[in-house]
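What the coordinates show
Single-letter residue listing:
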Amino acid sequence: MANCECEGLEGLELAKCLAPPRGDYELDIPVTNNLSLIITNSGLILKQVVIDDDLPFARTVERRVPDEYLDHVNLRVKKEDLPCLAAKALLQASSHGSEVSREKVERCRRIIEEVSRNC
């Protein structure tokens, strides 16, 4: 079995490493009513739902944000809980058919179990 690429990481770096890939049960943390912070294995994304009065539908605007963004936003969760939330999201993606997530769960099972014990 291959080694887990998340070995030795902590905090946000561990959360990003354990997070599922884009589109696979992403770790979605509400910031405000129409703004969410998405944590994926490729980084942080700010997702905003925009409703235009002239259009009959809502659109989603996404932009990458640096890790330092977390220092300037009031999340509804503690930063220390991010690895735990990422591990849960990875397990959920794995159990719902994400092959990439399933393979990462197999490689990183020990770390996921360790992180999950601290939830």
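What this report covers is the structure whose coordinates are included nearby.

Procedures and definitions
Residues numbered from 1 in each chain as written. Predicted model: local features only at pLDDT ≥ 70, side-chain atom pairs only at ≥ 80, totals over all residues. Heavy atoms only, no water. Helix = DSSP H or I, 4+ residues; strand = E, 2+ residues; numbered from the N terminus. Buried < 20%, exposed > 50% of the residue type's maximum accessible area, 1.4 Å probe, protein only. Contact = heavy atoms within 4.5 Å. Lys, Arg positive; Asp, Glu negative; His and termini not counted. Charge placed at Lys NZ, Arg CZ, Asp CG, Glu CD. Salt bridge = Lys/Arg side-chain N within 4 Å of Asp/Glu carboxyl O. Polar contact = N/O pair within 3.5 Å; in protein donor to acceptor, adjacent residues only side chain to side chain. Pairing = 2+ DSSP bridges.

1. Describing the overall build of the chain
Looking only at helices and strands, the chain has three helices and four strands in total. Along the chain, helices and strands appear, N-terminal first, in the series α-β-β-β-β-α-α. By the burial criterion, 39% of the 119 residues in the chain qualify as buried. For the chain, long-range pairs separated by at least 24 residues make up 49% of all intrachain contacts whose partners lie at least 6 apart in sequence. Here the chain carries 16 positive and 21 negative side-chain charges, and the mean point of each set is 2 Å from the other.

2. Remarks on the environment of Pro-30
With respect to the secondary-structure elements, Pro-30 resides in strand S1 (residues 27-32). For the pair Pro-30 and Ser-98, spaced 68 residues apart in the sequence, the C-alpha separation amounts to 23 Å. What Pro-30 contacts, discounting residues up to four positions off in sequence, is Leu-35, Ser-36 and Arg-76.

3. As for the pattern of salt bridges
On inspection of all chains with the given rule, the structure shows 13 salt bridges. Taking the shortest distance from any N to any O, the salt bridge between Glu-62 and Lys-47 comes out at 3.9 Å. With Glu-62 in strand S4 (residues 58-65) and Lys-47 in strand S3 (residues 43-51), this pair connects stretches of sequence that are 15 residues apart. The shortest N-O distance in the salt bridge between Glu-106 and Arg-102 comes to 2.2 Å. On the criterion of helical spacing, the pair formed by Glu-106 and Arg-102 is a turn pair, its members being four residues apart in helix H3 (residues 99-117). Counted as one network, the salt bridges with shared partners bring together Arg-22, Glu-26, Lys-47 and Glu-62.

4. Side note on the side chain of Thr-40
Mapped onto the fold, Thr-40 is located in strand S2 (residues 35-40). Judged by relative accessible area, Thr-40 falls into the buried class, the value being 0%. In terms of polar contacts, Thr-40 uses its side chain to reach the side chain of Ser-42, at 2.9 Å. Beyond its immediate chain neighbours, meaning those up to four positions away, Thr-40 contacts Lys-16, Ala-19, Pro-20, Arg-22, Glu-26 and Ile-45.

5. Some remarks on the pairing of S4
In this structure, S3 lies alongside S4, joined through eight bridges in antiparallel fashion. Paired with Lys-47 across the strands is Glu-62, a residue of S4.

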